[in-house]
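Spelled out from the first residue to the last, the chains are:
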Amino acid sequence: MGKKLTVAVVGATGAVGREMLKTLHARNFPATEVRAFASARSAGERVPYGDAELTVRELKEDVFADIDLAIFSAGGATSQKFAPHAARAGCVVVDNSAAWRMDERCPLVVPEVNPQALEAHNGIIANPNCSTIQMVVALKPLHDAATVKRVVVSTYQAVSGTGQKGMEELERQVRDLFNGREPENTTYPYRIAFNVLPHIDVFLENDYTKEEMKMVHETVKIFNDPAIRVTATCVRVPVFYGHAESVNIETEKKLPAAQARAILAQAPGVRVFDNPRELIYPMPYHCAGEDETYVGRIREDESIPNGLNLWIVADNVRKGAALNAVQIAEEMLGRDLLRVRDKSVFL
Ligand code: A2P
(Lines give C-alpha, C1' and ligand atoms only; values in the text may rest on other atoms or scores of the structure.)
Protein backbone atom coordinates (compact mmCIF):
# COMPACT_ATOMS: atom_id res chain seq x y z
CA MET A 1 0.00 0.00 0.00
CA GLY A 2 1.32 3.43 -0.98
CA LYS A 3 0.91 6.71 0.83
CA LYS A 4 -2.31 7.49 2.68
CA LEU A 5 -4.78 9.29 0.42
CA THR A 6 -8.19 10.06 1.90
CA VAL A 7 -10.77 11.31 -0.59
CA ALA A 8 -14.17 12.85 0.14
CA VAL A 9 -17.11 13.16 -2.23
CA VAL A 10 -19.34 16.02 -1.10
CA GLY A 11 -22.89 15.73 -2.45
CA ALA A 12 -22.52 11.94 -2.63
CA THR A 13 -26.26 11.28 -2.75
CA GLY A 14 -26.77 13.45 -5.86
CA ALA A 15 -26.69 12.51 -9.52
CA VAL A 16 -23.12 13.79 -10.04
CA GLY A 17 -21.87 12.67 -6.61
CA ARG A 18 -22.91 9.09 -7.31
CA GLU A 19 -21.19 9.23 -10.69
CA MET A 20 -18.06 10.59 -8.97
CA LEU A 21 -17.94 7.57 -6.64
CA LYS A 22 -18.48 5.27 -9.62
CA THR A 23 -15.73 7.01 -11.61
CA LEU A 24 -13.19 6.99 -8.74
CA HIS A 25 -13.75 3.26 -8.34
CA ALA A 26 -13.83 2.41 -12.05
CA ARG A 27 -10.57 4.28 -12.72
CA ASN A 28 -8.83 2.71 -9.72
CA PHE A 29 -8.13 6.10 -8.21
CA PRO A 30 -5.47 5.30 -5.58
CA ALA A 31 -7.54 6.42 -2.57
CA THR A 32 -6.78 4.56 0.63
CA GLU A 33 -10.16 5.68 2.01
CA VAL A 34 -13.23 7.29 0.41
CA ARG A 35 -15.78 9.17 2.51
CA ALA A 36 -19.24 10.25 1.38
CA PHE A 37 -20.78 13.53 2.56
CA ALA A 38 -24.19 15.15 2.00
CA SER A 39 -26.60 17.27 4.03
CA ALA A 40 -27.93 16.27 7.46
CA ARG A 41 -31.04 14.99 5.64
CA SER A 42 -29.14 12.02 4.23
CA ALA A 43 -26.69 11.27 7.06
CA GLY A 44 -26.74 7.53 7.68
CA GLU A 45 -27.94 6.63 4.18
CA ARG A 46 -25.74 4.31 2.14
CA VAL A 47 -24.31 4.93 -1.32
CA PRO A 48 -22.52 2.41 -3.56
CA TYR A 49 -18.76 2.46 -4.02
CA GLY A 50 -17.74 -0.46 -6.23
CA ASP A 51 -19.15 -3.59 -4.61
CA ALA A 52 -19.15 -1.90 -1.21
CA GLU A 53 -21.34 0.78 0.33
CA LEU A 54 -20.34 3.94 2.14
CA THR A 55 -22.35 5.45 4.97
CA VAL A 56 -23.18 9.06 4.20
CA ARG A 57 -21.89 11.57 6.75
CA GLU A 58 -23.19 15.04 7.43
CA LEU A 59 -21.01 17.78 5.92
CA LYS A 60 -19.64 20.08 8.62
CA GLU A 61 -16.96 22.75 8.61
CA ASP A 62 -14.51 20.66 10.67
CA VAL A 63 -14.56 17.40 8.68
CA PHE A 64 -11.62 18.19 6.38
CA ALA A 65 -8.63 17.95 8.75
CA ASP A 66 -7.56 14.44 7.73
CA ILE A 67 -8.88 14.52 4.15
CA ASP A 68 -6.41 15.06 1.28
CA LEU A 69 -8.86 15.68 -1.57
CA ALA A 70 -12.54 16.66 -1.58
CA ILE A 71 -14.57 16.58 -4.79
CA PHE A 72 -17.63 18.77 -4.36
CA SER A 73 -20.91 18.56 -6.25
CA ALA A 74 -23.45 19.88 -3.79
CA GLY A 75 -24.46 23.19 -5.36
CA GLY A 76 -22.91 26.65 -5.33
CA ALA A 77 -23.98 27.69 -1.84
CA THR A 78 -22.46 24.59 -0.22
CA SER A 79 -19.19 25.07 -2.15
CA GLN A 80 -19.07 28.77 -1.32
CA LYS A 81 -19.42 28.00 2.36
CA PHE A 82 -17.40 24.81 2.82
CA ALA A 83 -14.58 24.83 0.23
CA PRO A 84 -12.59 27.55 2.06
CA HIS A 85 -12.76 25.46 5.25
CA ALA A 86 -11.32 22.53 3.33
CA ALA A 87 -8.47 24.56 1.79
CA ARG A 88 -7.68 26.10 5.17
CA ALA A 89 -7.40 22.58 6.61
CA GLY A 90 -4.97 21.57 3.83
CA CYS A 91 -7.53 19.57 1.85
CA VAL A 92 -7.47 20.23 -1.92
CA VAL A 93 -10.93 20.87 -3.40
CA VAL A 94 -12.11 20.11 -6.92
CA ASP A 95 -15.41 21.93 -7.15
CA ASN A 96 -18.11 21.16 -9.68
CA SER A 97 -20.31 24.17 -8.89
CA ALA A 98 -20.18 27.63 -10.44
CA ALA A 99 -19.13 29.21 -7.12
CA TRP A 100 -15.38 29.49 -7.78
CA ARG A 101 -15.04 29.24 -11.56
CA MET A 102 -14.40 32.89 -12.28
CA ASP A 103 -12.41 33.54 -9.08
CA GLU A 104 -8.86 34.58 -10.03
CA ARG A 105 -7.42 32.44 -7.25
CA CYS A 106 -8.93 29.28 -8.76
CA PRO A 107 -7.77 27.53 -11.92
CA LEU A 108 -10.62 26.40 -14.21
CA VAL A 109 -9.41 23.19 -15.78
CA VAL A 110 -10.18 20.69 -18.50
CA PRO A 111 -7.23 18.26 -18.44
CA GLU A 112 -7.14 17.81 -22.24
CA VAL A 113 -7.03 21.59 -22.71
CA ASN A 114 -5.21 23.48 -19.93
CA PRO A 115 -3.67 21.06 -17.40
CA GLN A 116 -0.77 23.49 -16.84
CA ALA A 117 -3.18 25.89 -15.08
CA LEU A 118 -3.16 23.44 -12.14
CA GLU A 119 0.44 24.34 -11.29
CA ALA A 120 -0.63 27.64 -9.69
CA HIS A 121 -3.54 26.27 -7.64
CA ASN A 122 -4.25 27.57 -4.16
CA GLY A 123 -6.36 24.71 -2.84
CA ILE A 124 -9.61 25.19 -4.79
CA ILE A 125 -9.77 24.06 -8.42
CA ALA A 126 -12.96 24.65 -10.39
CA ASN A 127 -14.54 22.15 -12.75
CA PRO A 128 -16.15 24.04 -15.65
CA ASN A 129 -19.79 23.95 -16.67
CA CYS A 130 -20.79 20.75 -18.46
CA SER A 131 -21.62 22.52 -21.74
CA THR A 132 -18.32 24.38 -21.72
CA ILE A 133 -16.25 21.25 -21.06
CA GLN A 134 -17.40 19.28 -24.10
CA MET A 135 -17.17 22.34 -26.34
CA VAL A 136 -13.57 23.23 -25.38
CA VAL A 137 -12.38 19.62 -25.61
CA ALA A 138 -13.41 19.68 -29.28
CA LEU A 139 -12.39 23.27 -30.04
CA LYS A 140 -8.91 23.21 -28.46
CA PRO A 141 -7.16 21.27 -31.28
CA LEU A 142 -8.92 23.43 -33.90
CA HIS A 143 -7.91 26.59 -32.01
CA ASP A 144 -4.29 25.39 -31.95
CA ALA A 145 -4.38 24.69 -35.70
CA ALA A 146 -6.29 27.69 -37.04
CA THR A 147 -7.12 30.15 -34.16
CA VAL A 148 -10.80 30.27 -33.38
CA LYS A 149 -11.99 33.89 -33.52
CA ARG A 150 -15.70 33.47 -32.86
CA VAL A 151 -18.02 30.73 -31.64
CA VAL A 152 -21.81 30.60 -32.01
CA VAL A 153 -23.24 27.73 -29.97
CA SER A 154 -26.74 26.41 -29.36
CA THR A 155 -27.10 23.65 -26.78
CA TYR A 156 -29.60 20.81 -26.34
CA GLN A 157 -29.11 19.92 -22.68
CA ALA A 158 -30.30 16.86 -20.76
CA VAL A 159 -32.33 17.06 -17.56
CA SER A 160 -29.62 15.27 -15.53
CA GLY A 161 -27.79 18.62 -15.67
CA THR A 162 -30.35 19.79 -13.13
CA GLY A 163 -29.49 16.83 -10.89
CA GLN A 164 -31.69 14.08 -9.56
CA LYS A 165 -34.71 16.37 -9.39
CA GLY A 166 -34.54 17.15 -13.12
CA MET A 167 -34.63 13.47 -14.01
CA GLU A 168 -37.47 12.80 -11.56
CA GLU A 169 -39.49 15.65 -13.06
CA LEU A 170 -39.17 14.38 -16.64
CA GLU A 171 -40.01 10.82 -15.62
CA ARG A 172 -43.01 11.89 -13.52
CA GLN A 173 -44.39 14.16 -16.24
CA VAL A 174 -44.09 11.47 -18.92
CA ARG A 175 -45.91 9.01 -16.66
CA ASP A 176 -48.62 11.57 -15.82
CA LEU A 177 -49.21 12.43 -19.48
CA PHE A 178 -49.51 8.79 -20.48
CA ASN A 179 -52.00 8.25 -17.67
CA GLY A 180 -54.18 11.20 -18.58
CA ARG A 181 -53.10 13.30 -15.60
CA GLU A 182 -52.10 16.97 -15.82
CA PRO A 183 -48.34 17.05 -15.05
CA GLU A 184 -47.06 19.40 -12.39
CA ASN A 185 -43.99 21.62 -12.89
CA THR A 186 -41.89 21.81 -9.74
CA THR A 187 -38.27 21.95 -10.99
CA TYR A 188 -38.73 23.76 -14.33
CA PRO A 189 -41.03 26.74 -14.96
CA TYR A 190 -42.84 24.88 -17.75
CA ARG A 191 -43.42 21.26 -18.66
CA ILE A 192 -40.21 19.57 -19.86
CA ALA A 193 -41.84 16.34 -21.11
CA PHE A 194 -42.37 16.60 -24.89
CA ASN A 195 -41.25 20.21 -24.78
CA VAL A 196 -38.08 22.33 -25.24
CA LEU A 197 -37.19 25.16 -22.84
CA PRO A 198 -34.91 27.99 -24.08
CA HIS A 199 -34.00 28.74 -20.48
CA ILE A 200 -31.25 27.24 -18.29
CA ASP A 201 -30.33 28.84 -14.95
CA VAL A 202 -31.50 32.41 -14.20
CA PHE A 203 -31.94 35.33 -16.57
CA LEU A 204 -29.42 38.17 -16.28
CA GLU A 205 -29.54 41.93 -16.93
CA ASN A 206 -28.55 41.44 -20.59
CA ASP A 207 -31.41 38.95 -21.19
CA TYR A 208 -28.99 36.06 -21.59
CA THR A 209 -29.19 33.26 -19.04
CA LYS A 210 -26.43 32.58 -16.54
CA GLU A 211 -25.76 29.25 -18.29
CA GLU A 212 -25.18 31.09 -21.58
CA MET A 213 -22.80 33.59 -20.00
CA LYS A 214 -20.93 30.76 -18.25
CA MET A 215 -20.10 29.37 -21.70
CA VAL A 216 -18.82 32.79 -22.79
CA HIS A 217 -16.64 33.58 -19.76
CA GLU A 218 -15.41 30.07 -19.02
CA THR A 219 -14.23 29.48 -22.60
CA VAL A 220 -12.12 32.67 -22.47
CA LYS A 221 -10.63 31.66 -19.10
CA ILE A 222 -9.86 28.06 -20.10
CA PHE A 223 -8.25 29.07 -23.42
CA ASN A 224 -6.59 31.99 -21.63
CA ASP A 225 -7.48 34.00 -24.72
CA PRO A 226 -9.56 37.17 -24.26
CA ALA A 227 -9.74 37.56 -28.05
CA ILE A 228 -12.06 34.60 -28.51
CA ARG A 229 -15.70 35.75 -28.97
CA VAL A 230 -18.46 33.39 -27.85
CA THR A 231 -22.23 33.71 -28.02
CA ALA A 232 -24.57 31.02 -26.73
CA THR A 233 -28.20 29.94 -26.59
CA CYS A 234 -28.79 27.22 -24.00
CA VAL A 235 -31.82 24.98 -24.30
CA ARG A 236 -33.18 22.20 -22.07
CA VAL A 237 -34.56 19.18 -23.92
CA PRO A 238 -36.41 16.10 -22.63
CA VAL A 239 -33.37 13.79 -22.68
CA PHE A 240 -32.07 12.11 -19.51
CA TYR A 241 -28.32 11.91 -20.20
CA GLY A 242 -26.10 13.63 -22.79
CA HIS A 243 -25.82 17.23 -23.90
CA ALA A 244 -25.68 18.03 -27.62
CA GLU A 245 -24.36 21.26 -29.12
CA SER A 246 -24.55 22.84 -32.54
CA VAL A 247 -21.32 24.83 -32.78
CA ASN A 248 -20.38 27.27 -35.52
CA ILE A 249 -16.82 28.60 -35.50
CA GLU A 250 -14.98 31.22 -37.48
CA THR A 251 -11.23 30.73 -37.69
CA GLU A 252 -8.30 33.00 -38.52
CA LYS A 253 -6.86 30.48 -41.00
CA LYS A 254 -8.91 28.38 -43.41
CA LEU A 255 -9.55 24.91 -42.01
CA PRO A 256 -11.07 22.56 -44.59
CA ALA A 257 -13.55 20.07 -43.12
CA ALA A 258 -11.31 17.11 -44.01
CA GLN A 259 -8.40 18.67 -42.13
CA ALA A 260 -10.61 19.47 -39.12
CA ARG A 261 -11.78 15.85 -39.14
CA ALA A 262 -8.17 14.60 -39.24
CA ILE A 263 -7.11 16.93 -36.41
CA LEU A 264 -10.07 15.91 -34.26
CA ALA A 265 -9.39 12.22 -34.89
CA GLN A 266 -6.00 12.68 -33.15
CA ALA A 267 -7.25 14.86 -30.31
CA PRO A 268 -7.26 13.58 -26.72
CA GLY A 269 -10.73 12.85 -25.34
CA VAL A 270 -12.39 13.28 -28.74
CA ARG A 271 -14.07 10.66 -30.89
CA VAL A 272 -14.99 11.60 -34.44
CA PHE A 273 -18.33 10.06 -35.34
CA ASP A 274 -19.00 11.53 -38.74
CA ASN A 275 -20.16 9.72 -41.84
CA PRO A 276 -23.34 11.23 -43.22
CA ARG A 277 -23.61 8.66 -46.01
CA GLU A 278 -23.80 5.87 -43.42
CA LEU A 279 -26.05 8.00 -41.18
CA ILE A 280 -23.29 8.19 -38.58
CA TYR A 281 -23.50 11.18 -36.29
CA PRO A 282 -23.36 11.46 -32.50
CA MET A 283 -26.51 11.43 -30.38
CA PRO A 284 -27.08 11.52 -26.61
CA TYR A 285 -28.58 8.06 -27.00
CA HIS A 286 -25.19 6.42 -27.63
CA CYS A 287 -22.88 8.91 -25.87
CA ALA A 288 -24.54 8.36 -22.47
CA GLY A 289 -22.22 6.31 -20.31
CA GLU A 290 -19.17 7.07 -22.51
CA ASP A 291 -16.07 9.05 -21.56
CA GLU A 292 -15.30 10.68 -24.91
CA THR A 293 -16.63 13.86 -26.45
CA TYR A 294 -18.18 12.87 -29.76
CA VAL A 295 -17.94 15.17 -32.78
CA GLY A 296 -19.83 14.79 -36.04
CA ARG A 297 -21.62 16.73 -38.77
CA ILE A 298 -18.29 18.46 -39.54
CA ARG A 299 -18.99 20.85 -42.43
CA GLU A 300 -17.55 24.03 -43.85
CA ASP A 301 -19.79 27.03 -43.24
CA GLU A 302 -20.43 28.14 -46.80
CA SER A 303 -21.66 31.58 -45.72
CA ILE A 304 -18.18 32.82 -44.66
CA PRO A 305 -14.62 32.20 -45.93
CA ASN A 306 -13.23 30.50 -42.78
CA GLY A 307 -16.04 28.79 -40.94
CA LEU A 308 -16.97 25.33 -39.71
CA ASN A 309 -20.09 23.72 -38.29
CA LEU A 310 -19.79 20.94 -35.73
CA TRP A 311 -22.20 18.81 -33.71
CA ILE A 312 -20.71 17.94 -30.33
CA VAL A 313 -22.21 15.43 -27.88
CA ALA A 314 -20.99 14.13 -24.52
CA ASP A 315 -22.35 12.59 -21.35
CA ASN A 316 -22.91 15.69 -19.21
CA VAL A 317 -22.76 13.81 -15.92
CA ARG A 318 -19.56 11.99 -16.92
CA LYS A 319 -17.19 14.18 -18.99
CA GLY A 320 -19.34 17.21 -18.16
CA ALA A 321 -18.90 16.70 -14.43
CA ALA A 322 -17.68 13.58 -12.59
CA LEU A 323 -15.06 12.32 -15.05
CA ASN A 324 -13.52 15.75 -15.62
CA ALA A 325 -13.27 16.27 -11.85
CA VAL A 326 -11.58 12.89 -11.34
CA GLN A 327 -9.23 13.56 -14.29
CA ILE A 328 -8.25 16.85 -12.61
CA ALA A 329 -7.44 14.91 -9.44
CA GLU A 330 -5.40 12.36 -11.43
CA GLU A 331 -3.52 15.15 -13.18
CA MET A 332 -2.67 16.73 -9.82
CA LEU A 333 -1.46 13.40 -8.46
CA GLY A 334 0.75 12.93 -11.53
CA ARG A 335 2.20 16.42 -11.12
CA ASP A 336 2.59 16.03 -7.34
CA LEU A 337 0.23 18.96 -6.75
CA LEU A 338 -2.17 17.37 -4.29
CA ARG A 339 -1.36 19.73 -1.45
CA VAL A 340 -2.31 23.24 -0.35
CA ARG A 341 0.82 25.40 -0.39
CA ASP A 342 -0.65 28.44 1.34
CA LYS A 343 -3.59 27.68 3.59
CA SER A 344 -4.40 31.37 4.07
CA VAL A 345 -5.49 32.23 0.49
CA PHE A 346 -9.22 31.71 1.14
CA LEU A 347 -9.26 32.93 4.75
P1 A2P B 1 -28.86 15.63 0.15
O2 A2P B 1 -29.22 14.41 -0.63
O3 A2P B 1 -28.60 15.34 1.58
O4 A2P B 1 -29.80 16.80 -0.07
P5 A2P B 1 -28.37 16.86 -7.01
O6 A2P B 1 -27.54 17.83 -7.78
O7 A2P B 1 -28.52 15.55 -7.72
O8 A2P B 1 -29.68 17.45 -6.57
O9 A2P B 1 -27.54 16.57 -5.68
C10 A2P B 1 -27.15 17.56 -4.78
C11 A2P B 1 -26.23 16.96 -3.72
O12 A2P B 1 -25.80 18.04 -2.87
C13 A2P B 1 -26.92 15.96 -2.82
O14 A2P B 1 -25.99 14.96 -2.47
C15 A2P B 1 -27.29 16.81 -1.62
O16 A2P B 1 -27.42 16.09 -0.42
C17 A2P B 1 -26.06 17.70 -1.53
N18 A2P B 1 -26.33 18.88 -0.71
C19 A2P B 1 -27.27 19.83 -0.91
N20 A2P B 1 -27.21 20.78 0.06
C21 A2P B 1 -26.21 20.41 0.89
C22 A2P B 1 -25.65 20.96 2.08
N23 A2P B 1 -26.10 22.09 2.62
N24 A2P B 1 -24.63 20.29 2.67
C25 A2P B 1 -24.16 19.15 2.13
N26 A2P B 1 -24.64 18.58 1.01
C27 A2P B 1 -25.65 19.21 0.39
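1. Some details on the sheet that holds strand 9 (residues 229-233)
In step 1: A sheet is described by the order of its strands in space; here six strands give the open sequence 9-8-10-13-12-11, paired in mixed fashion. If you trace the sheet from one side to the other, it starts and ends with strand 9 and strand 11 (270-272), each paired once. On average, each strand axis in the sheet is inclined to that of its neighbour by 25°, with strand direction left out of account.
In step 2: This element, helix 3 (residues 130-146), spans strand 8 (148-156), strand 9, strand 10 (243-251), strand 11, strand 12 (293-300) and strand 13 (307-314) of the sheet and lies at about 30° to strand 10.
In step 3: Contacts from helix 5 (residues 210-223) reach strand 8, strand 9 and strand 10 within the one sheet, and its direction differs from that of strand 9 by about 160°.

2. Comments concerning the nonpolar core
In step 1: The biggest cluster of nonpolar side chains holds 38 residues, and the ones touching the most others in it are Leu 139, Val 151, Val 247 and Leu 310.
In step 2: Looking at this core, the elements with two or more residues in it are helix 3, strand 8, helix 5, strand 9, strand 10, helix 6 (257-266), strand 12 and strand 13.
In step 3: Examining the composition of this core, we find that eight residues originate from one element, helix 3, more than from any other.
In step 4: If near-sequence neighbours (up to four positions away) are discounted, Val 151 is found in contact with Met 135, Leu 139, Ile 228, Arg 229, Val 230, Thr 231, Val 247, Asn 248 and Ile 249.
In step 5: Within the second largest apolar cluster, 34 residues are counted, among which are Leu 5, Tyr 49, Ile 125 and Ala 329.

3. Some remarks on the packing of aromatic side chains
In step 1: Applying the stated criterion across every chain yields a total of five aromatic pairs.
In step 2: Aromatic pair Phe 64 and Phe 72: ring centres 6.0 Å apart, planes at 20°, arrangement stacked. For the residue pair Phe 64 and Phe 72, the accessibility class agrees, reading buried in each case.
In step 3: Between Phe 178 and Phe 194, the aromatic rings sit 6.0 Å apart at their centres with planes inclined by 85°, giving edge-to-face as the arrangement. Taken together, the residues Phe 178 in helix 4 (residues 164-178) and Phe 194 in the loop between helix 4 and helix 5 connect sequence positions 16 residues apart.
In step 4: Judged by relative accessible area, Phe 194 falls into the exposed class, the value being 54%.

4. Description of the site of the ligand
In step 1: Around the ligand, the surrounding shell holds 15 residues, and the nearest of these are Thr 13, Ala 15, Ser 39, Arg 41 and Ser 42.
In step 2: One of the backbone N or O atoms of Gly 11 is found 3.1 Å from an oxygen atom in the ligand.
In step 3: The contact in question runs from an oxygen atom of the ligand to an N or O atom on the backbone of Ala 15, over 2.9 Å.
In step 4: In isolation the ligand exposes 570 Å². Once the protein is present, 72% of that is buried.
In step 5: Looking at the shell around the ligand, its residues break down into five nonpolar, nine polar and one charged.

5. Section: the side chain of Thr 162
In step 1: The residue Thr 162 is located in the loop between strand 8 and helix 4 in this model.
In step 2: On the basis of relative accessible area, Thr 162 is assigned to the buried category, the value being 18%.

6. Structural notes on the pairing of strand 2 (residues 33-38)
In step 1: Counting buried positions along strand 2 gives five out of six residues, so the element sits mostly inside the fold.
In step 2: For the handedness criterion, the β-α-β arrangement of strand 1 (residues 6-10), helix 1 (residues 15-26) and strand 2 is classed as right-handed.
In step 3: The pairing of strand 2 with strand 4 (residues 52-58) spans three bridges and is parallel. Its bridge partner being in strand 4, Ala 38 is matched across the sheet by Glu 58.

7. A few points about the sheet that holds strand 3 (residues 46-49)
Strand pairing in a sheet is mediated by backbone hydrogen bonds. Such pairs are either parallel or antiparallel.
In step 1: An order of 3-4-2-1-5-6-7 is seen for the seven strands of this open sheet, with the pairing classed as mixed. Of all strands in the sheet, those bounded by a partner on one side alone are strand 3 and strand 7 (124-126). The sheet shows a mean angle of 30° between the axes of neighbouring strands, taken without regard to direction.
In step 2: Of the pairings in the sheet, the one linking strand 6 (residues 92-95) to strand 7 comprises three bridges and is parallel in character. Looking at the pairing, Val 94 lines up with Ile 125 of strand 7.
In step 3: Across the sheet, helix 2 (residues 76-88) lies against strand 5 (69-72), strand 6 and strand 7, angled at about 175° from strand 5, the strand it touches most.
In step 4: Relative to strand 6, helix 8 (residues 318-334) is tilted by about 150°, and along the sheet it contacts strand 5, strand 6 and strand 7.

The rules behind these values
Residues numbered from 1 in each chain as written. Predicted model: local features only at pLDDT ≥ 70, side-chain atom pairs only at ≥ 80, totals over all residues. Heavy atoms only, no water. Pairing = 2+ DSSP bridges. Helix = DSSP H or I, 4+ residues; strand = E, 2+ residues; numbered from the N terminus. Axes fitted to C-alpha atoms, helices over the stretch in contact; angles between N-to-C directions. Contact = heavy atoms within 4.5 Å. Core = buried A, V, L, I, M, F, W, Y, C linked by side-chain atoms within 4.5 Å. Buried < 20%, exposed > 50% of the residue type's maximum accessible area, 1.4 Å probe, protein only. Phe/Tyr/Trp six-rings, centres within 6.5 Å; stacked < 30°, edge-to-face > 60°. Near = heavy atom within 4 Å. Polar contact = N/O pair within 3.5 Å; in protein donor to acceptor, adjacent residues only side chain to side chain. Areas by Shrake-Rupley, 256 points an atom, 1.4 Å probe, with all protein chains shown as cover. Nonpolar A, V, L, I, M, F, W, Y, C, P; charged D, E, K, R; others polar. Right-handed = clockwise from strand over helix to strand, strands pointing away.

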